[in-house]
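Tertiary structure, described
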Amino acid sequence: MFVSQEYKEVWILKIYADNAATTAMSKTAVEAMMPYINDCYYNPSSLYSCGQAARDAIEAARETIARCIGASEREIVFTSGGSEADNQAIISAANIGKKNGKMHIISDNIEHHAVLHTLKKLEKEGFAVTYIPVKENGIISTNDIENAFRSDTCLVTVMYANNEIGTLQPIKEIGDICKRHGVIFHTDAVQAVGRMPIDVKAQNINMLSASAHKFHGPKGVGFLYAQKGIKLSSIIEGGAQERGFRAGTENVAGIVSMAAALEEEISLMDTNAKKLIKLRDRLIAGLSEIPHCALNGDKQNRLPSNVNFCFEGIEGESLLLLLDDKGIMASSGSACTSGSLDPSHVLLAIGRPHDVAHGSLRLSIGEDTTEEQVDYIIKSVKETVEHLRRFSPVWRDLSAGKAEFIL
Ligand SMILES: *Cc1c(COP(=O)(O)O)cnc(C)c1O
């Protein structure tokens, strides 16, 4: 736990409830990277034995990561993170499709911007994209996917777990459908890797994106799994690293650390999930007592770490700033949309009107979160929402009956 400088006199402890934005590096991940920063700093492409030691470390990390998701080593390409992996996966599948005269892609309307913006770019290049609307609980209907297939569909890309509302998609079912249609299935699994069990073969996943900093590894490193036989397009040109699929000197320390972090997270997954689900549901129950609020996303079918609420009559940004004063770090949407005035596309997609979507709060807890912290968060959010509503003209109109409550 981090003690804020300004509050040192009063010793206010900071509570981190923004694990969907990034996670603290585990001790294991930090220790794993140190030798490759300090002693073994060599370029893995160098032919002398010390360079080869760095190469060996990368290959051992590749083997570990492949094992963690049920893939083989040759199916793993290291990237600079989740965004790059998403870009490369989608562009590769699009290039394969184009070659075969297939230029239709199926996705949905709650994807991360790394996926949505790549799809927008492809639309400008002549691809057609069907964005399947999710249901009110944030989950996609597999029937809708089935019905969206065309003879020229070349890719289905649906995220494993949503970064804002935590909903889990029926990945295996989607994988099965895609297999039947002979179409590549990519999943942005950045929020799921290390938190949910993944077996790419059993779930019929052909491509998968992951990012180390979302599972207690370092920032700026991730990986793309691409099933054997899928020809990747290189989106960074240069040397022949990563078998020509991703140029640039490898982030050796980051890659080694990512593998260590993932291996540990997977060994702790069941224990962590049990603990987190209990805390999550305590948080949901506590916050549900606030009048005129709603939980966003499905109550059960969501990440063990994710809680997301809308509170009517307030602004999410004001809530965040006041919670920060109380030592609580949270988020109103995804980091990529904070700072912009548009409400979250995910909340709009599950049917929240603009006004309501503006009053959102995402709390993403972690393994270090305690019951006391959860209770402190509940108390603080209750007080702060009440406080903000006292000064809200929107709330005044709602309470006076001049406007109708939605929630
Ligand atoms: C964080 C995140 C990304 C982006 O990963 P980076 O490593 O930060 O580029 C992509 N998709 C989802 C669902 C995410 O949560």
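**What to know about the packing of aromatic side chains**
- The final tally for this structure, using the stated rule, is four aromatic pairs.
- With a centroid separation of 5.8 Å and 5° between ring planes, the pair formed by F309 and F311 is classed as stacked.
- Taking the relative accessible area as the measure of exposure, F309 reaches 1% and is therefore buried.
- Where W395 meets F405, the ring centres are 5.4 Å apart and the plane angle is 65°; that geometry is what we call edge-to-face. Residue W395 is found in helix α12 (residues 393-399), and its partner F405 is found in the segment after α12; the two are separated by ten residues along the sequence.
- The buried category is assigned to W395, whose relative accessible area is 17%.

**Considerations on the sheet that holds strand β3 (residues 104-108)**
- Spatial ordering of the open sheet is given by β2-β8-β7-β6-β5-β3-β4, a layout of seven strands whose pairing is mixed. One side of each edge strand has no neighbouring strand; the edge strands of this open sheet are β2 (76-79) and β4 (128-132). Neighbouring strand axes in the sheet, compared pairwise and without regard to direction, differ in orientation by 20° on average.
- Alignment of strand β7 (residues 207-211) against strand β8 (residues 222-226), held across five bridges, turns out to be antiparallel.

**Thoughts on the nonpolar core**
- Judged by nonpolar contacts, the single largest core of 65 residues is most densely connected at I76, V156, I198, L208 and F223.
- When residues of this core are sorted by domain, at least three fall in each of domain 1 (5-20 + 269-399) and domain 2 (27-267).
- Not counting residues within four places of it along the chain, the set of residues in contact with I76 comprises R62, I65, A66, I69, A71, F223, L224, Y225 and E242.
- One finds I284, C293, V381 and L388 within the second-largest nonpolar core, a separate group that totals 28 residues.

**Considerations on the site of the ligand**
- Surveying the vicinity of the ligand reveals 13 residues, the closest of which are S83, D188, Q191, S211 and K214.
- At a separation of 2.8 Å, an oxygen atom of the ligand approaches a polar backbone atom of G82.
- Separating an oxygen atom of the ligand from a side-chain N or O atom of H213 is a distance of 3.0 Å.
- For the ligand, the protein covers 86% of the area, taking 380 Å² as the surface of the free molecule.
- The element that contributes the greatest number of residues to the shell around the ligand is helix α3 (residues 82-99), accounting for three residues.
- For the shell around the ligand, the class distribution of residues is two nonpolar, eight polar and three charged.

**Observations regarding the pairing of β2**
- Judged by which residues are buried, β2 turns out to be covered on both faces: I76 and F78 on one side and V77 and T79 on the other are all buried.
- Here β2 runs beside β8; their pairing, made up of four bridges, is antiparallel. Within β8, the residue paired with V77 across the bridge is L224.

**Focus: the sheet that holds strand β10 (residues 306-311)**
- Spatially, β9-β10-β12 is the arrangement adopted by the three strands of the open sheet, whose pairing is antiparallel. If you trace the sheet from one side to the other, it starts and ends with β9 (293-295) and β12 (360-364), each paired once. Averaged over all neighbouring strand pairs, the angle between strand axes comes to 20°, with direction disregarded.
- Across five bridges, the pairing between β10 and β12 is antiparallel. Paired with C310 across the two strands is S360, which belongs to β12.

**Comments concerning the packing of helix α2 (residues 49-69) against helix α7 (residues 252-287)**
- Between α2 and α7, the least distance of the axes is 9 Å, while the angle of their chain directions is 30°. In this view, α2 runs roughly parallel relative to α7, as classed from their interaxial angle. At the point where α2 passes α7, the crossing takes the left-handed sense. Along the contact surface, α2 presents A54, A57, I58, A61, T64, I65, R67 and C68, while α7 presents V252, I255, V256, M258, A259, L262, E263 and I266.

**Some words on the domain arrangement of the chain**
- Along its sequence, the chain is organised into domain 1 (5-20 + 269-399) and domain 2 (27-267).
- The centre of domain 1, based on its C-alpha atoms, is set 29 Å off from the matching centre of domain 2.
- With 26 residues of domain 1 at the interface, the matching set in domain 2 holds 30 residues.
- Taken over both partners, the interface formed by domain 1 and domain 2 buries close to 2,400 Å², and the fraction arising from carbon and sulfur atoms is 54%.
- On the domain 1 side of the interface with domain 2, the three residues burying the most area are M269, L303 and H345, jointly 30% of the side's total.
- Across the domain 1-domain 2 interface, the total number found is zero salt bridges.
- Between the two partners, domain 1 and domain 2, sit 14 residue pairs in polar contact (both at pLDDT 80 or more).
- Breaking the side of domain 1 that touches domain 2 down by element, the ones donating at least two residues are α7, β10 and α9 (345-349).
- At four residues, the largest contribution of residues to the side of domain 1 that touches domain 2 is made by α9.
- Broken down by class, the residue content of the side of domain 1 that touches domain 2 amounts to nine nonpolar, 13 polar and four charged.

**Section: the pattern of salt bridges**
- Enumeration over the complete set of coordinates arrives at 20 salt bridges.
- Across the salt bridge formed by K14 and D324, the nearest N and O atoms sit 3.1 Å from each other. Separated by 310 residues along the polypeptide, K14 in the segment before β1 (15-16) and D324 in helix α8 (residues 316-325) bring together distant segments of the chain.
- Between R362 and D18 there is a salt bridge, with the nearest N and O atoms lying 3.0 Å from each other. Of this pair, R362 sits in strand β12 while D18 is found in the loop between β1 and α1 (27-38), placing the two residues 344 residues apart along the sequence.
- Classification of R362 as buried rests on a relative accessible area of 1%.
- One connected set of salt bridges, linked through shared partners, spans R55, E59, R62, E242 and E250.

What counts and how
- Residues numbered from 1 in each chain as written.
- Predicted model: local features only at pLDDT ≥ 70, side-chain atom pairs only at ≥ 80, totals over all residues.
- Heavy atoms only, no water.
- Phe/Tyr/Trp six-rings, centres within 6.5 Å; stacked < 30°, edge-to-face > 60°.
- Buried < 20%, exposed > 50% of the residue type's maximum accessible area, 1.4 Å probe, protein only.
- Helix = DSSP H or I, 4+ residues; strand = E, 2+ residues; numbered from the N terminus.
- Pairing = 2+ DSSP bridges.
- Axes fitted to C-alpha atoms, helices over the stretch in contact; angles between N-to-C directions.
- Core = buried A, V, L, I, M, F, W, Y, C linked by side-chain atoms within 4.5 Å.
- Domains from an automatic or database assignment.
- Contact = heavy atoms within 4.5 Å.
- Near = heavy atom within 4 Å.
- Polar contact = N/O pair within 3.5 Å; in protein donor to acceptor, adjacent residues only side chain to side chain.
- Areas by Shrake-Rupley, 256 points an atom, 1.4 Å probe, with all protein chains shown as cover.
- Nonpolar A, V, L, I, M, F, W, Y, C, P; charged D, E, K, R; others polar.
- Parallel < 35°, antiparallel > 145°, perpendicular 65-115°, else oblique.
- Left-handed = near helix turned anticlockwise from the far one by under 90°.
- Buried area = accessible area lost by both parts, 1.4 Å probe.
- Salt bridge = Lys/Arg side-chain N within 4 Å of Asp/Glu carboxyl O.

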